[in-house]
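# Descriptive analysis of the structure
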Amino acid sequence: MNSDAKVYKNYINGEWVESVSGETYENRNPADKRELIGLFQKSDSRDVDAAITAAAEAYDEWRLTPAPKRGEILFKAAQLLKDRKEEIARDMTREMGKILKETRGDTQEAIDMGFYMAGEGRRMFGETVPSEMHNKFQMSIRQPMGVIGMITPWNFPIAIPSWKIFPALVCGNTVVIKPATYTPLSVLHFMEIFEESGIPKGVVNMVTGSGGAVGDPLMRDKRIKLVSFTGSSEVGRLVSEACAPDFRHCMLEMGGKNGQLVMDDADLDLALEGALWGAFGTTGQRCTATSRIIVHKDVIEEFTERFVERAKKIKIGNGLDESVEMGPAVSESQMNTVLNYIEIGKKEGARLLCGGERLTGGDYDYGWFTQPTVFGDVKEDMRIFQEEIFGSVVSIASCDSLEDGINKLNNVPYGLSASIYSKNVNRAFRAMRDVYTGIFYINAPTIGAEISLPFGGTKITGNGHREAGKQALEVFSEWKAVYIDFSGVLQRAQIDNAE
Ligand code: UN1
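The present account deals with the structure reproduced in this document.

Calculation notes
- Residues numbered from 1 in each chain as written.
- Predicted model: local features only at pLDDT ≥ 70, side-chain atom pairs only at ≥ 80, totals over all residues.
- Heavy atoms only, no water.
- Phe/Tyr/Trp six-rings, centres within 6.5 Å; stacked < 30°, edge-to-face > 60°.
- Helix = DSSP H or I, 4+ residues; strand = E, 2+ residues; numbered from the N terminus.
- Lys NZ or Arg CZ within 6 Å of the ring centre and 35° of its normal.
- Patch = residues over 30% accessible without salt bridge, like charges linked within 9 Å, V, L, I, M, F, W, Y side chains within 5 Å.
- Areas by Shrake-Rupley, 256 points an atom, 1.4 Å probe, with all protein chains shown as cover.
- Salt bridge = Lys/Arg side-chain N within 4 Å of Asp/Glu carboxyl O.
- Buried < 20%, exposed > 50% of the residue type's maximum accessible area, 1.4 Å probe, protein only.
- Polar contact = N/O pair within 3.5 Å; in protein donor to acceptor, adjacent residues only side chain to side chain.
- Contact = heavy atoms within 4.5 Å.
- Pairing = 2+ DSSP bridges.

## Examining the packing of aromatic side chains
- If you walk through the whole model with that rule in mind, you get 12 aromatic pairs.
- Seen from their ring centres, Phe190 and Phe194 are 4.9 Å apart, and the 35 degrees between their planes marks the pair as tilted. Of this pair, Phe190 and Phe194 both sit in helix α6 (residues 184-197), 4 residues apart, roughly one helical turn.
- By way of ring pairs, the aromatic residues Tyr8, Tyr25 and Phe40 are connected into one cluster.
- Its end group placed over the ring of Phe385, Arg292 keeps NZ or CZ at 4.7 Å from the ring centre.

As structure tokens, then:
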């Protein structure tokens with residue numbers, strides 16, 4: 001019945017190959033389920049094993065390739081991404097649903113990361129430090145780790161894989177990636193680009209399929225030295241447990257419950273634009289999405305009224321239509337999760353100010369569309385205030401002072417992103433200092449991180465690591481301290497130089 005559908009393969013050891021089982025799964029457009037994007041390999045542990053074997057065999061050649069040369073290949077890949085930006089963005093909108101402007105941005109983020117990490121090939125700085133002894137030299141150097149396993153999400157189908165693949169490669173590691181089940185085509189394009197860039201075979205490998213059949217054996221394989229994971233805190237805990245017995249490393253980038261604080265002295269027009277973009281951009285499906293807006297009591301009425309009025313006007317539809325402002329949820333189950341949270345919010349006694357429904361009728365019937373939904377009178381102990389929803393739902397709560405606002409921003413289990421809108425520099429700086437998140441914005445929404453700074457969060461958002469920026473190198477390499485004694489005699493540290 002799918003005889004016309006394009007079949008996409010795994011990328012292992014520089015070859016496009018079918019899964020061992022020969023089975024495939026369908027990838028459909030969440031804005032229009034009538035559109036079949038293609039059939040992707042339904043892989044299992046046997047395919048994972050082949051990919052890890054290829055990556056392990058490629059490792060020595062790649063780690064011994066001079067880092068500036070590795071960087072040049074990354075540079076080429078970034079240029080190819082740039083050349084194919086529009087095509088990649090269009091395919092991403094078709095498989096993930098977010099609007100074209102955003103999928104172009106997603107691709108741009110991968111381009112930026114490619115150029116940034118290409119430059120790291122010529123830096124990758126270590127330190128030289130004076131020795132305590134005569135005629136002795138000491139320095140630290142970075143060394144690669146081996147084969148890295150990556151499990152990536154569907155909400156940033158190429159940007160997030162790029163945050164992991166580019167730094168891993170420039171450090172000299174080899175890679176096996178399992179793309180999100182819903183968005184394999186974006187990572188497949190990324191593999192095509194690496195192939196064209198001339199990267200040696202086996203250095204990057206992709207295996208598509210489900211979390212259970214592919215992600216699980218990938219994270220458990222002892223040859224994987226580091227698992228880099230982005231997804232929910234529940235799955236992150238499983239990754240952490242799988243790595244713990246062997247002390248294998250894992251880098252976990254998980255959920256958020258990000259808040260925007262709007263003070264009584266804020267530029268309300270600006271705060272409004274920021275909140276709309278932060279809450280409903282990407283249909284609220286960013287880890288950094290604005291899920292709570294905490295507004296000073298003196299301006300909450302005006303803010304809420306204007307916010308709701310604007311939320312109702314957001315144009316929803318197929319993201320390929322340039323006039324559309326918000327696309328669908330990525331899948332039926334994601335949509336149902338969102339609708340379920342809306343019911344929870346109503347039951348908890350929050351006031352539904354707009355939205356709350358699935359969109360139906362006409363073409364909407366073929367996609368997973370939810371209305372922009374705003375709850376007012378949200379209290380700190382409500383689940384919709386505390387739990388990550390990952391959809392087009394935002395909660396408005398009030399505060400009566402800066403301190404109260406900061407406490408409310410902090411009073412959630414997550415610690416990814418937060419923002420404050422205030423014209424008062426003292427307030428803004430105090431909030432910057434006292435809000436316990438990995439990312440903080442002043443007079444800007446909770447979304448919009450650039451690749452040159454560390455990305456990640458505190459509390460159950462992460463496990464202490466950061467992606468992007470030069471901090472990414474900390475995750476994908478290990479330090480080696482090197483001592484060179486050129487005195488020609490035995491010098492005992494801490495003993496012969498004592499006094
Ligand atoms: C995410 O929130 O899931 O900071 C990633 C941003 C984007 C990346 C977001 N550059 O909004």
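From this point, things continue past the structure.
## Thoughts on a nonpolar patch on the surface
- Together, Val425, Phe429, Met432 and Ile442 give the surface a local cluster of nonpolar side chains, amounting to about 360 Å² of exposed area.
- Sorting elements by how many residues they give to the nonpolar patch places helix α14 (residues 425-434) first, with 3 residues.
- In this fold, Ile442 is placed in strand β19 (residues 439-442).
- Residue Ile442 is classed as partly exposed on the basis of its relative accessible area, which comes to 35%.

## Some words on the side chain of Ser419
- For Ser419, the position within the fold is in strand β18 (residues 417-421).
- Residue classification places Ser419 among the buried residues on the basis of a relative accessible area of 0%.
- A distance of 3.1 Å separates the side chain of Ser419 from the backbone oxygen of Ala444, its partner in a polar contact.
- Apart from the residues within four sequence positions on either side, Ser419 is in contact with Gly259, Gln260, Leu261, Leu409, Phe440, Tyr441, Ala444, Pro445 and Thr446.

## Points about the sheet that holds strand β21 (residues 478-485)
- Taken together, the 3 strands give an open sheet; going across it, the order is β5-β6-β21, and neighbouring strands pair in antiparallel fashion. Each edge of the sheet is formed by a strand with only one pairing partner; in this case those strands are β5 (127-128) and β21.
- Here strand β6 (residues 136-143) runs beside β21; their pairing, made up of 8 bridges, is antiparallel. Opposite Ser140, over in β21, you have Ala481 as the bridge partner.

## What to know about the pairing of strand β3 (residues 24-29)
- Only one face of β3 is covered, namely the one carrying Tyr25, Asn27 and Asn29; the face carrying Thr24, Glu26 and Arg28 has none of its residues buried.
- Here β3 runs beside strand β4 (residues 32-41); their pairing, made up of 6 bridges, is antiparallel. Across the sheet, the residue bridging to Asn29 is Asp32, located in β4.
- Hairpin geometry of β3 and β4 is characterised by an intervening segment of 2 residues between the two adjacent antiparallel strands.

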